[in-house]
Amino acid sequence: MYSVSVIDDIPEVRPGDDLVELIGSRAELADGDIVVVTSKIVSKSEGRFVAADDREQAISDETVRVVATRTTADGRTTRIVENRLGIVSAAAGVDASNTPDGTVLLLPVDPDGSARSICVGLRELSGVSVGVIISDTLGRAWRQGQLDVAIGAAGVHVFDDLRGTLDNSGKPMVVTQPCVADEIASAGDLVKGKTGGTPVAIVRGLGRFVGDLDLPGAATIVRPVDQDLFRTGSEEAYGDGYRDGFSEGQQEAVGL
């Protein structure tokens, strides 16, 4: 059994604010708690604001690879891109919601590093062993809607690796490796929400996933390129395949 609760009275976060103090002074943390922190307040504390007039340029600056681009009938363009963190998302994670007028917000520079700093501070302040997950909202290939996932983690096992164990019928599990960091991030979002002004959740009862500070972070959740079967948008992949097939057919026609 586990429970999820929020911290209700965290004020608006500004550049330079100490998140350890803001969280630790308002939460009665217990050994094994996992603190889920919305990436937005991490970015705000780190001063990751840019002028709203530069939003499209900010998206381009954060992009390392374009996956897909769509323009609707009303002229709105959506870019699905891989950002510098390796995360594939709309608009490279550049966010215009819940930010001061005239600004947009970039993701943290190093979410795992930010999670580690918060985790170290909370452990020192509270005297108990806790984990920290920094969450952000992403869409998902093949499925409607969005959910929160872990983009930063410290002191938490991000996977529950069940490979090699036996199922109830005695068969060995070969690929089963639940991403518990994403599951915990989503559980936190169920109580944090998007508009309630409650950017931090405390997940209690999952202490078995809390561990050393040198555990691998959320960067290890990003699928390696050589394992990525969905690297290109559907129309882009179709177009590439069509062009490749056409080129191959031309070569065969001239005997190459």
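Conventions we followed
- Residues numbered from 1 in each chain as written.
- Predicted model: local features only at pLDDT ≥ 70, side-chain atom pairs only at ≥ 80, totals over all residues.
- Heavy atoms only, no water.
- Helix = DSSP H or I, 4+ residues; strand = E, 2+ residues; numbered from the N terminus.
- Expected span 1.5 Å × (residues − 1).
- Buried < 20%, exposed > 50% of the residue type's maximum accessible area, 1.4 Å probe, protein only.
- Contact = heavy atoms within 4.5 Å.
- Pairing = 2+ DSSP bridges.
- Axes fitted to C-alpha atoms, helices over the stretch in contact; angles between N-to-C directions.
- Core = buried A, V, L, I, M, F, W, Y, C linked by side-chain atoms within 4.5 Å.
- Lys, Arg positive; Asp, Glu negative; His and termini not counted.
- Salt bridge = Lys/Arg side-chain N within 4 Å of Asp/Glu carboxyl O.
- Polar contact = N/O pair within 3.5 Å; in protein donor to acceptor, adjacent residues only side chain to side chain.

Student: Just give me the short version of helix α5 (residues 180-192), but keep the residues and values in it.
Tutor: Counted at 1.5 Å a residue, the expected span for α5 with its 13 residues is 18 Å, and the 18 Å between its end C-alpha atoms agrees. The set of residues buried in α5 consists of Val 180, Ala 181, Ile 184, Ala 185, Ala 187, Gly 188, Asp 189 and Lys 192. Lining the buried residues of α5 we find β1 (3-6), β2 (34-38), β8 (131-140), β9 (143-154) and β10 (200-204).

Student: Outline the sheet that holds β1, listing residues and values.
Tutor: Strand order across the open sheet formed by five strands is β1-β10-β2-β8-β9, with mixed pairing between neighbours. The sheet is open, and its two edges are formed by β1 and β9, each paired on a single side. Along the sheet, successive strands turn relative to each other by an average axial angle of 30 degrees, direction set aside. As paired strands, β8 and β9 are joined by nine bridges and run antiparallel to one another.

Student: Provide a residue-level description of the sheet that holds strand β5 (residues 77-83), including the pertinent values.
Tutor: Pairing within the open sheet is antiparallel, and its three strands lie in the order β4-β5-β6. Among the strands making up the open sheet, the edge pair consists of β4 (63-71) and β6 (88-90). Going from strand to strand, the sheet's axes swing by 25 degrees on average, the running direction of each strand aside. Judged from the three bridges that link them, β5 and β6 form a sheet pairing that is antiparallel. Following the sheet pairing, Glu 82 is matched in β6 by Val 88.

Student: Outline the pairing of β2, supporting the account with residue identities and numerical values.
Tutor: Most of β2 is tucked away, with five of its five residues classed as buried. Where burial is concerned, the two faces of β2 agree: the one with Ile 34, Val 36 and Thr 38 and the one with Val 35 and Val 37 are both buried. Sheet topology places β2 next to β8; five bridges connect them, and they run parallel. Among the inter-strand pairings, Val 35 is bridged to a residue of β8, identified as Val 132. Bridge count between β2 and β10: four bridges; the pairing is antiparallel. Paired with Val 35 across the two strands is Ile 202, which belongs to β10.

Student: Please set out the environment of Gly 86 residue by residue, giving values where relevant.
Tutor: Relative to the helices and strands, Gly 86 resides in the loop between β5 and β6. C-alpha separation for the pair Gly 86 and Ala 219, spaced 133 residues apart in sequence, amounts to 8.0 Å.

Student: Lay out the nonpolar core in plain terms, naming residues and giving numbers.
Tutor: Among the nonpolar cores identified, the biggest contains 29 residues, and Ile 23, Leu 29, Val 35, Val 37, Leu 122, Val 132 and Val 200 are the most heavily contacted of them. Every element with two or more residues in this core is listed here: α1 (19-24), β2, α2 (39-45), α4 (111-126), β8, β9 and β10. Setting aside residues up to four positions removed in sequence, Val 37 forms contacts with Ile 23, Val 42, Val 132, Ile 133, Ile 134, Ser 135, Pro 199 and Val 200. Of all hydrophobic cores here, the second largest spans 17 residues; its members include Val 36, Ala 153, Ile 184 and Ala 201.

Student: Describe the side chain of Arg 123, and please don't skip the residues or the numbers.
Tutor: The topology assignment puts Arg 123 in helix α4. Of the buried charged residues, Arg 123 lacks a salt bridge, with Asp 212 as the closest side chain of opposite charge at 5.8 Å. There is a polar contact of 2.8 Å between the side chain of Arg 123 and the backbone oxygen of Val 130. Residues contacting Arg 123, with those up to four places away along its chain left out, are Val 128, Ser 129, Val 130, Gly 155, Val 210, Gly 211 and Leu 213.

Student: Explain the pattern of salt bridges to me, and be specific about the residues and the numbers.
Tutor: A complete count under the given rule lists ten salt bridges for this structure. Between Arg 26 and Asp 9 there is a salt bridge whose closest N-O contact spans 3.7 Å. Note that Arg 26 is positioned in the loop between α1 and β2 and Asp 9 in the loop between β1 and α1, a separation of 17 residues in sequence. What emerges from the salt-bridge pattern is a single network uniting Arg 48, Glu 62 and Arg 84.

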